[in-house]
Amino acid sequence: MVLDKEESVSLVSLQSREKPRGCAGCNGRIRDRFMLQALDRYWHEDCLKCACCDCRLGRVGSTLYTRANLILCRRDYLRLFGVTGNCAACSKLIPAFEMVMRARDNVYHLDCFACQLCRQRFCVGDKFFLKNNMILCQLDYEGGHLNGGGSERQPQ
């Protein structure tokens, strides 16, 4: 198998006069009317599965990934081999498959996307401000707590 490859899955009709082909997954003969073609081989619909989570990869036009002799769904491929980054708030690793929030060039865990002074979480549509690479709610931004204006407020 190729070391690192993205491949689409196609459905192939077995012609009535055609000799049954062997399945790359179970090595059994494919006698079904249709078979899947992926990675230059043929498969029963139930045999083309992700090596990690066993989900079926046989949806026509779906994508599968191969690496290190593994056939993987997109989620497991990203989990195992995807590019990851660090959260701008907590500096912990963010897995490639995890949902994130972005502000300019910064990336955050969903749980870390909160005012870094008062820890207020943001809801959809809430205003937030990015100052000195810190996320601030409107109250802390307008209060000037980072400029020495007003009483000094420490991050919690």
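Residues numbered from 1 in each chain as written. Predicted model: local features only at pLDDT ≥ 70, side-chain atom pairs only at ≥ 80, totals over all residues. Heavy atoms only, no water.

In the nomenclature of an unreviewed UniProt entry, the chain corresponds to Rhombotin-1 from the organism Liparis tanakae.

**Brief notes about the pattern of salt bridges**
To be explicit about the condition: Salt bridges are defined by distance alone: a side-chain nitrogen of Lys or Arg within 4 Å of a carboxyl oxygen of Asp or Glu. Working definition: helices are DSSP H or I runs of at least four residues, strands are E runs of at least two. Numbering for both runs from the N terminus. Throughout this description, buried means an accessible area under 20% of the type-specific maximum (1.4 Å probe, protein chains only), exposed means over 50%, and partly exposed covers the range between.
Under the counting rule described, the total for this entry stands at 2 salt bridges. Here Asp-46 and Arg-56 are joined by a salt bridge, their closest N and O atoms 3.1 Å apart. Here the residue Asp-46 occupies a position in the loop between β6 (41-43) and β7 (63-67), and Arg-56 occupies one in the loop between β6 and β7, the gap between them amounting to 10 residues. By relative accessible area, which is 48% here, Arg-56 ends up partly exposed.

**Some points on the environment of Arg-102**
Considering the arrangement of structural elements, one finds Arg-102 in strand β11 (residues 100-103). Look at Arg-102 and you get exposed, because its relative accessible area is 58%. Sequence separation of Arg-102 and Cys-87 is 15 residues, and the distance between their C-alpha atoms is 9.8 Å.

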